Protein chains: 2
Amino acid sequence: MKYRPLAEAGVSVLMFRIRVRGFLGPRVPMTPLLAFALGWHPSPDMEPTEWIPATAPGAVQLDWARAQGWPAWWYGDEWKRYRWMEDVWWTYRTSFAAPPLGPGERLRLILGGIDHAGEVRLNGVKLAERTGSQTPLAVDLTDHLREENELRITIQPVPKSRATPENRTQADATTKAAVSYTWDFHPRLIPLGLWREAGLEVLSVDGIETAEVDCVVAPDLASASLALVVRTRGAGANRLRWRVADPRGATVIERLLLTSSTESQAEAALVAPVLWWPHDQGEPALYRWEVELVDAAGVALDRRGGRFGARRVALVIHEGGWAGATRSPQTRNHPPITLEVNGRRLFAKGTNWVSPHAFPGSITDEAYRDQLGLAKIAGFSLLRTWGGAPAPREFFFELCDELGLMVWQEFPLGCNCYAETPAYLAELEQEARSLIARLRPHPSMVMWCGGNELFNNWSRMTDQAPALRLLASLCWQLDPARPFLPTSPVDGVAHGPYSFRDHVGGGEIWSIFQSSANTAYPEFGCTSPTIADIAHAVLPEAERWPPRTGTAWDAHTGFEPGSFGHQTLATIEAYLGPVNSLAEFETKGQLLQFEGVRGLYEEARRQKPRAAMALTWCFNEPWPTLANCSLLAWPDRPKRGYHGAKLACRPVLASARIRKFAWAGGESFDPQLWLLNDAPQSVPAGRMTAMLVLHGERTLLGSWDFPEVAANTNLVGPTLALALPAGPPGLFELELFVEERPALASTYTLCFAPPDPAMLDVRGPAARRDQPK
Amino acid sequence: MKYRPLAEAGVSVLMFRIRVRGFLGPRVPMTPLLAFALGWHPSPDMEPTEWIPATAPGAVQLDWARAQGWPAWWYGDEWKRYRWMEDVWWTYRTSFAAPPLGPGERLRLILGGIDHAGEVRLNGVKLAERTGSQTPLAVDLTDHLREENELRITIQPVPKSRATPENRTQADATTKAAVSYTWDFHPRLIPLGLWREAGLEVLSVDGIETAEVDCVVAPDLASASLALVVRTRGAGANRLRWRVADPRGATVIERLLLTSSTESQAEAALVAPVLWWPHDQGEPALYRWEVELVDAAGVALDRRGGRFGARRVALVIHEGGWAGATRSPQTRNHPPITLEVNGRRLFAKGTNWVSPHAFPGSITDEAYRDQLGLAKIAGFSLLRTWGGAPAPREFFFELCDELGLMVWQEFPLGCNCYAETPAYLAELEQEARSLIARLRPHPSMVMWCGGNELFNNWSRMTDQAPALRLLASLCWQLDPARPFLPTSPVDGVAHGPYSFRDHVGGGEIWSIFQSSANTAYPEFGCTSPTIADIAHAVLPEAERWPPRTGTAWDAHTGFEPGSFGHQTLATIEAYLGPVNSLAEFETKGQLLQFEGVRGLYEEARRQKPRAAMALTWCFNEPWPTLANCSLLAWPDRPKRGYHGAKLACRPVLASARIRKFAWAGGESFDPQLWLLNDAPQSVPAGRMTAMLVLHGERTLLGSWDFPEVAANTNLVGPTLALALPAGPPGLFELELFVEERPALASTYTLCFAPPDPAMLDVRGPAARRDQPK
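A quick note: this is a predicted structure, and the numbers were derived from the prediction, not measured.

The rules behind each value
- Residues numbered from 1 in each chain as written.
- Chains lettered and ligands numbered in written order.
- Predicted model: local features only at pLDDT ≥ 70, side-chain atom pairs only at ≥ 80, totals over all residues.
- Heavy atoms only, no water.
- Salt bridge = Lys/Arg side-chain N within 4 Å of Asp/Glu carboxyl O.
- Helix = DSSP H or I, 4+ residues; strand = E, 2+ residues; numbered from the N terminus.
- Buried < 20%, exposed > 50% of the residue type's maximum accessible area, 1.4 Å probe, protein only.
- Core = buried A, V, L, I, M, F, W, Y, C linked by side-chain atoms within 4.5 Å.
- Contact = heavy atoms within 4.5 Å.
- Buried area = accessible area lost by both parts, 1.4 Å probe.
- Polar contact = N/O pair within 3.5 Å; in protein donor to acceptor, adjacent residues only side chain to side chain.
- Expected span 1.5 Å × (residues − 1).
- Least-squares fit on C-alpha atoms with pLDDT ≥ 70 in both.
- Pairing = 2+ DSSP bridges.
- Axes fitted to C-alpha atoms, helices over the stretch in contact; angles between N-to-C directions.
- Left-handed = near helix turned anticlockwise from the far one by under 90°.

Draft legend 1. Examining the pattern of salt bridges more closely. Tallied over the full model, the rule gives 111 salt bridges over all chains. We note a salt bridge from A:R241 to A:E292, for which the minimum N-O separation is 2.8 Å. Linking A:R241 in strand β16 (residues 238-245) with A:E292 in strand β19 (residues 287-294), this pair joins segments that are 51 residues apart in sequence. The buried category is assigned to A:E292, whose relative accessible area is 5%. For the salt bridge of B:E119 with B:K126, the shortest nitrogen-to-oxygen distance reads 3.5 Å. A network of salt bridges, in which partner residues are shared, links A:R83, A:E86, A:D87, A:K160, A:E166 and A:R188.

Here it is as structure tokens:
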């Protein structure tokens, strides 16, 4: 092998070796990373007055805080200390001895990601600049090398389209993630710096620059065509060896390609391909491929490899969706939002992936592994990687490929009316091209989306917005087989609700959802307090209880200071009585999230096939809030809501449509029984029994002998009824059993005689069925 | 000048000289046309057994019918004779002597349009092939010339994706216009042949291939930037002289460009540009430009020129459209459909342009001029050139530029689920690229649209359809400043109704429209019988009256045989009494169209600003129907409906919202008064008076002293009421006058005591407000 790591070439600056995943191709072996010193300066032409140690990947803020010995950035109101860092320049500095280079060899600097804009100088000479954190930068240093070299990377201040207000609107002309400019669950903490790996690499004369395999499965699923594209360095003839192994490891394709171009292409066919399926529908089978550049003797000089999945994906109109619309004047049907994988229409259950960390350079592989594992265990099949936060790193998608988790990936636009300027559109095009090229090999990637809530009245973009026309065009040009959605929601799709009661219009979430008639629910949730010991760790002792404005509660509640979000303490107390401690706050509040979230998932499933998606807002959180809709408390601890989601997302379960959460003596309790089946197999006939546990007594509500239920189909059963006896306030339960199939059982905890009788009213003041259009 | 027409070069085949507009650039001076012989053959490798004279532009069907002495193709059931012509090959043949060519000169064949696929052979050698009628073909003949040459162009049979059924679905994998495969107003007559000019041209060594000027007006309208792109032939240095004259003829830009490339670019700025406006909002001011290739002495060797308009156009959300949608779960706002020109939101009134002739090669410049003149006189500002028919020729757009008529141009897709095959997508891309390049210089062109009713349940395409993603991408890449709509209707937009009563759900059109709440009405109309003497000319004498199935009425009614469309004789008689002749049929039926169409236009205007467009279906018709929604009877005679449209499309008028058309004694007649203003000026305060003329008596209903009405704004006035006295069946009138402003007056003709009392019922059996979604 001609590949020679820099360490062997005499370079001493060596920290550790990594395998860099996915930028500049599926896998690039890279040389050791560089150790940097870091300093800030108030204008680009000044020198830092102080140099501190720095790490890449990382963020200048974390380096600075570490050097100063500050408390954790998420503690109390520490975040306020970081504000000044947005508006200064930061310079990374390192030095290295020039490696001995053989004839024709080149030395290249690789920066995996500059957050957000910066320039590279070697020995005082500016060699490159870059704006946009998703596009790696490769800089050929060779012609400027001295015996001893100083490399500097200067990072510009945070891009802002306006000085005030200090909120997300400042991000409306940048591809930098909007969430960090302040969000309802996120403080103002705007990362800067080298958020991906930085290293040097010696390039041999001959080598592979990029290699990619595209797999297109025929509509009848009986065959697939593979297309290999390889870009190589060096003139003259190339000999490339291409191998493909099926999911069982057997070599199914082996080819030797002889080309005289730096771009080589080859095609091959797979007969009866082993299909990739989301985990709840089959096996996420992955093929492996490798391409080697070989010399005349067949010895490999360089190689690239990767995996692919054989699967088709489309967004289609739901079953029955073409009916109706027969009277004049006619308008169109709703846009398609049902995922069809390998010809099978799916109900996609899942959640919104925000980010495991406010500083994306600090997200570890382990965090991805742990959280995606939790997502799979919960029964989720689809993750919406939300456009307000940065796109995940490559490892995330590799795991999703392996785990059979589907990904809806958004471009970095969220809740703003993004600019129409040539500069912004050029940056967006560069970043989108990088993202598309990086993600398109992944079978888990099932759809692109322009960004979050861009067509809503707080954003005011439209179908005609240049940024969205550009993204649609790029996706078509670079990745035509994958669906593109301009934003979410589109017509027919709805976001919300987010709290147990609607604080604007009134009404309880179960009722609100039951009277909605949308085609997908890609964002809904229910706020809950975090886990009490996290709150303990976050809050200075004097601020812990009760919640007060003017304390660290403000920023950590995840909502406007003073409002304490939608999920107020008052709401919890109105249903469940007084709350006197962080522990009680957790217990009672998380019960509401548990039953709220599960009720929404199950209702969305009952609306199948018209509804085809249920994704909670949200899965993870980038810092420790004190109350949030997230199912995981920062960093990765499941709240009770996670378990509610997991129960509701079982492929097959006994379910009840319950009109409301709180009941009183004398009311007719009237759950409707359902057998929900999202599995690709039918459910045998059986008997479902419903029991009520109230005031310490178990009462038979009724039972239902259901017939066999077809694959991927729900069945509605009888509506039972029982006049509730009077009794003291408290909780009660509805238990559903299916004989001999305990895994299908469901137990719902409900509220009896709430302290505030207004909670018995499930409807808001206005008619819920009149959806604003 | 080095340009040398072929006639001077010794070519004898000469018919007449033309100026070819717009293909291969804004204006190409072309040599004389070729005279052809034409024959058909049952397979591509056979010879025709008979040769007849042929014309280009034209169609093989018309050549054949002329040679055989057949009656007019539109007479009786003549159309049935043409069926066999679809499935044979047709060859055009001509011969010519090679012109003497100077050093470096080339001889090129130009075919303006091959309908729909064919190949070119010179002296037995195949030189080119082409599928797609909108893309001109230029074939260099030079290297294959002999002293005497035989040129053959062989046309393939009609493309069909399936053998049966014989209807528009056969056109779902071709860019050929679907209408000719049979439509509800169109017989099966599928044109084939050379539908545009065919000629030879001698190319000098140096010359201009294409030249284009793009004008982008700044958002503040205070300046515009011009970009010139010129492609030239010949190596070496080029000297190009570029001149721009403002709408008054004054030279505002004059530049000499020296380039050494075959592609030259230049930019220039206009300060305070004279804006192009649609005719109802201002002057359609046009700049002129010319670029000349000059020699060292400044003598022009070649030139191109054209016009441009300085204007901005966008599709935006209507005023108030961002309100609402404040409750959870939220879906999106409707897509934008309000045209904004030069920063001014417009209510666009107009019609659907189908085609003036079933054989597009037969459409004359005069037909375009006459019909567009009628459109402007009617007060229309927007024409939707419907995707079911072929795009108009260049002259159409030149006239629209001059007349200040805006154009909504559709790609050639209509009412089908178009194919996803690589062959179809490649043909569509070629044709779309040609169309976009041809039309984008025109200021009249305000929007692109993917095609007609593609998202409705009879077509079943969606936002994810490859054909539409391709078109959106091409429009963005080639013409980013012009809006693109995937189809019509999109969400919020509605098509229909088309007849005086809804034959499916029941109800009368005024009432149906008054209870609709759409953002645009780009297709609505009211069927009426044609003008009686046209019916006389079309029908064999024995078939003229009464209408009977099994006669030529079937195809000419424009609806399924036997149904006689929606606008049945029975409906007319139910409102207006017995019909005993073609003349009475015309009179009574056209009254319904007159009042129907005008009522719909006015109601759409009353729904401003939420509604922003009202376009009747349809303006013209490609052949003489006996009943159709068209405002013009074939070829170009205004029906009464045209005059109803003209009254309703006055920029300013007195208008009444009248609940229904037919009334009876004892009912409360309760028109609501409106002052409609689409003009860019305010309307001074005044007094509107309403009079009822019933049973021969004029009764004052009431009057309204209205204040000044702002520009582009409507004002609603009082609702009057009068108990109608009993009386005999007949017609009555509501007259509205504005004192001292007679041009604003409106007189509505209404029906009293219809023969069928069921006509008094304006509502269908189902609740109209529940629009199917």
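Draft legend 2. A look at the nonpolar core. Counting residues in hydrophobic clusters, the biggest one holds 179 residues, and the most contacted among them are B:F36, B:L194, B:F411, B:L413, B:F669 and B:L734. Of all the elements, helix α10 (residues 582-606) of chain B adds the most residues to this core, at 8 residues. Those residues in contact with B:F411 that lie beyond four places of it in its chain are B:G387, B:A432, B:L435, B:I436, B:W448, B:C449, B:G450, B:G451, B:L471, B:C475 and B:F484. Formed by 178 residues, the second largest nonpolar core is a distinct cluster that contains A:L372, A:L439, A:L474 and A:L569.

Draft legend 3. Structural view of the interface of chain A and chain B. At the interface, 60 residues of chain A touch 60 residues of chain B. Interface area lost by chain A to chain B is led by A:W322, A:R327 and A:R332, which between them contribute 17%. In this structure, the connection of chain A to chain B is made through 4 salt bridges. Between B:R332 and A:D463 there is a salt bridge, with the nearest N and O atoms lying 2.9 Å from each other. Across the chain A-chain B interface, the total number found is 19 residue pairs in polar contact (both at pLDDT 80 or more).

Draft legend 4. Here's a closer look at helix α5 (residues 466-478) of chain A. Residue and element names in this part refer to chain A. Its 13 residues give α5 an end-to-end C-alpha distance of 18 Å, which sits within 8% of 18 Å, the value for a rise of 1.5 Å per residue. Among the 13 residues in α5, 10 count as buried, and that is most of the element. Taken together, the buried positions of α5 are P466, A467, L468, R469, L470, L471, S473, L474, C475 and W476.

Draft legend 5. Quick look at the relation of the copies chain A and chain B. Rotating chain A by 180° and moving it 0.0 Å along the rotation axis overlays it on chain B with an RMSD of 0.1 Å. Those values place the two copies in the arrangement expected of a two-fold rotation axis. Considering only C-alpha atoms, the part of chain A nearest the rotation axis is A:S473, at 2.1 Å. Comparing contact sets, 100% of the residues at the interface of chain A also lie at the interface in chain B, consistent with an isologous, same-surface contact.

Draft legend 6. Here's a closer look at the pairing of strand β22 (residues 338-341) of chain A. Residues and elements named next belong to chain A. By the bridge criterion, 4 bridges tie strand β21 (residues 313-316) to β22 in an arrangement that is antiparallel. Paired with V313 across the strands is V341, a residue of β22. Sheet analysis places β22 next to strand β23 (residues 344-345), joined by 2 bridges and oriented antiparallel. Each bridged residue has a counterpart across the sheet, and for E340 the counterpart in β23 is R345. Where β22 folds back onto β23 in an antiparallel hairpin, the turn is made up of 2 residues, including N342, whose phi is positive at roughly 50°.

Draft legend 7. Focus on the packing of helix α2 (residues 365-377) of chain A against helix α3 (residues 394-403) of chain A. Residue and element names in this part refer to chain A. For the pair α2 and α3, interaxial distance at closest approach is 10 Å and the crossing angle is 30°. Here α2 and α3 pass one another in a crossing that is right-handed. Along its contact with α2, which presents D365, Y368, R369, L372, G373 and K376, the element α3 presents F395, F396, L399, C400 and L403.

Draft legend 8. View of unusual backbone geometry. Residue B:H116 is bonded to the preceding B:D115 through a cis peptide linkage, with omega at 5°. Tracing the sequence through the fold places B:H116 in the loop between β7 (114-115) and β8 (117-122). The residue after B:G496, namely B:P497, is reached through a cis peptide bond having omega -5°. Mapped onto the fold, B:P497 is located in the loop between β29 (493-495) and α6 (509-514). Here A:N123, not a glycine, exhibits a phi torsion of approximately 50°, which is positive.

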